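# Examining the three-dimensional arrangement
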Amino acid sequence: MATTKDGGFPLSWASATGLFVAIFVALVSTEIFTRLLGNSKLNIKMPDGVPPAVSKSFAALLPAMITLTIFGLIKVITVKLGIPDLHQALYDLLQAPIAKLANTLWSAIVIAIVNHFLWFFGLHGSNILEPLMQAVYLPAINENIAALKAGAEIPNIVTKSFFDGFVYLGGSGATIGLLIAILISGRKHKQYKDLSKLSVAPGLFNINEPVVFGLPIVLNPILFIPFILTPLVLTILSYLAIATGIVPKTVVLLPWTTPPIIGGVVATASWKGGVLAAINLVISIIIYIPFIKMAERAFLKKENEQLHADPIQRAK
C-alpha cells in the first residue's frame, strides 16, 4: 500500500474497495501461518515451568515473523516492479472489470441462480456468496451513495441493496411469499400450516432457515422449482423497472434484516421502491401457490399410502 505525503497509511482503501486484497491477504496469510505453526522445527520450546500462555506465544513467534517477512518481500518486489500500490493495481486489473460486469442483468441472474442452487443441497448460498457480495456489490452501493451526495448520476443498478430490497423478500427464495401462499392455499396439511405460522415472524426479518430446512425446501424437487424461479423472475423484473427509470436506483446500504416492502422504500429513498417490492411479493405468492398445492397433494398421498399399508410394512 502506498503511503501519504506525511508517511502515513491512506484511508482510501479502508472501505469496501479494499476488501478484495484484504480478503485475499487474510486467507493466504492465515494459511501460511497455520502451516508454519504446525511445523515443530519452527516452534521455540520453553521449559516445563513456563506458563502455557507464554509457551504458546513463543511457539507462534517464528511462524509470525516468517509470514510477515514473506509479505514484506512481496511489497519490496512490487515496488521494484513499479507497482507502489498493490491495492490500486489489483483493483484496476480485477475488481474494477468485475464490478462493471456485475452491474448487468446477466450477472444478477447468475448470482440469483447460484445462490438458490446451493440452498437446494443444504448449503448456505448467501454466506458462500457473501465474499463476492462484499467485494463487488458493496462498493457498488457505496458508489451510488457517493454519487448521490455529489449530485451526480447514480451509476449502478445491481448492488447489495438491490438483492436485499427486491429479490430476497423474507430471505433467499423470497420465502415470505411462500409462507403467505401456504396460508392461502395450503390449509389441508397441518404440518405446512403450523410451520408457516411459526415462520412468519422470523420471515419478516428475512430469516428463513425454519422454512428451508423445516418444510423442507432442501432436496425437495417440487418446491425447488419455485424456490429458484421466483428470485429469477424478481431479479429480471426489478432490473428492468430500475433500468427504465420507473423506480430509482438504490442509494442506501440496506441492513439485510429490513422487512420486505419497507426495504424497497429505504433502499431507494422513494415510495416507488416500496411499490416495486410489494409487486414482487405478490408475484412470489402467485408463483408459489400451484407448487404448494402439488407438494401438499404429494405429501397427503404419501401419508394415505402409509396409513393403508400392510401392518408389517408400517412397522418397518
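What this report covers is the structure whose coordinates are included nearby. Bear in mind the structure is a predicted one, so any value in this text is a computation, not a measurement. (Residues numbered from 1 in each chain as written. Predicted model: local features only at pLDDT ≥ 70, side-chain atom pairs only at ≥ 80, totals over all residues. Heavy atoms only, no water.)

### Here we look at the side chain of Thr268
Within the element layout of this structure, Thr268 appears in helix 12 (residues 262-268). Those residues within four positions of Thr268 in sequence are excluded, and the remaining contacts are Phe166, Val247, Pro248, Lys249, Thr250, Val251 and Gly273. (Helix = DSSP H or I, 4+ residues; strand = E, 2+ residues; numbered from the N terminus. Contact = heavy atoms within 4.5 Å.)

### A word on helix 8 (residues 175-185)
Where burial is concerned, most of helix 8 is hidden: eight out of the eleven residues are buried. Every buried residue belonging to helix 8 is among Thr175, Ile176, Gly177, Leu178, Leu179, Ala181, Ile182 and Ser185, and all of these are buried. (Buried < 20%, exposed > 50% of the residue type's maximum accessible area, 1.4 Å probe, protein only.)

### Here's the deal with the packing of aromatic side chains
Under the counting rule described, the total for this entry stands at eight aromatic pairs. On the numbers, 4.2 Å between centres and 45° between planes, the contact of Phe120 with Phe224 is tilted. Of this pair, Phe120 sits in helix 5 (residues 105-120) while Phe224 sits in helix 11 (residues 221-243), and the two are 104 residues apart along the sequence. Comparing Phe120 with Phe224, the two get one shared label, buried. (Phe/Tyr/Trp six-rings, centres within 6.5 Å; stacked < 30°, edge-to-face > 60°.)

### A look at the packing of helix 2 (residues 52-59) against helix 3 (residues 61-80)
At their nearest, the axes of helix 2 and helix 3 sit 4 Å apart, and the two run at 30° to each other. The orientation of helix 2 with respect to helix 3, classified from their angle, is roughly parallel. Residues Ser57, Phe58 and Ala59 of helix 2 form the contact with helix 3, whose own contacting residues are Leu61, Leu62 and Pro63. By residue class, the composition of the contact of helix 2 with helix 3 is five nonpolar, one polar and no charged. (Axes fitted to C-alpha atoms, helices over the stretch in contact; angles between N-to-C directions. Parallel < 35°, antiparallel > 145°, perpendicular 65-115°, else oblique. Nonpolar A, V, L, I, M, F, W, Y, C, P; charged D, E, K, R; others polar.)

### Thoughts on unusual backbone geometry
In this chain, Leu215 is followed by Pro216 through a cis amide linkage whose omega measures -10°. For Leu219, which is not glycine, the phi dihedral falls at a positive 60°. Tracing the chain through its elements places Leu219 in the loop between helix 10 (209-214) and helix 11. Judged by its relative accessible area of 57%, Leu219 falls in the exposed class. The phi torsion at Ile261 lies on the positive side, around 75°, for a residue other than glycine. Residue placement: Ile261 occurs in the loop between helix 11 and helix 12. Residue class for Ile261 comes out partly exposed when judged on its relative accessible area of 31%.

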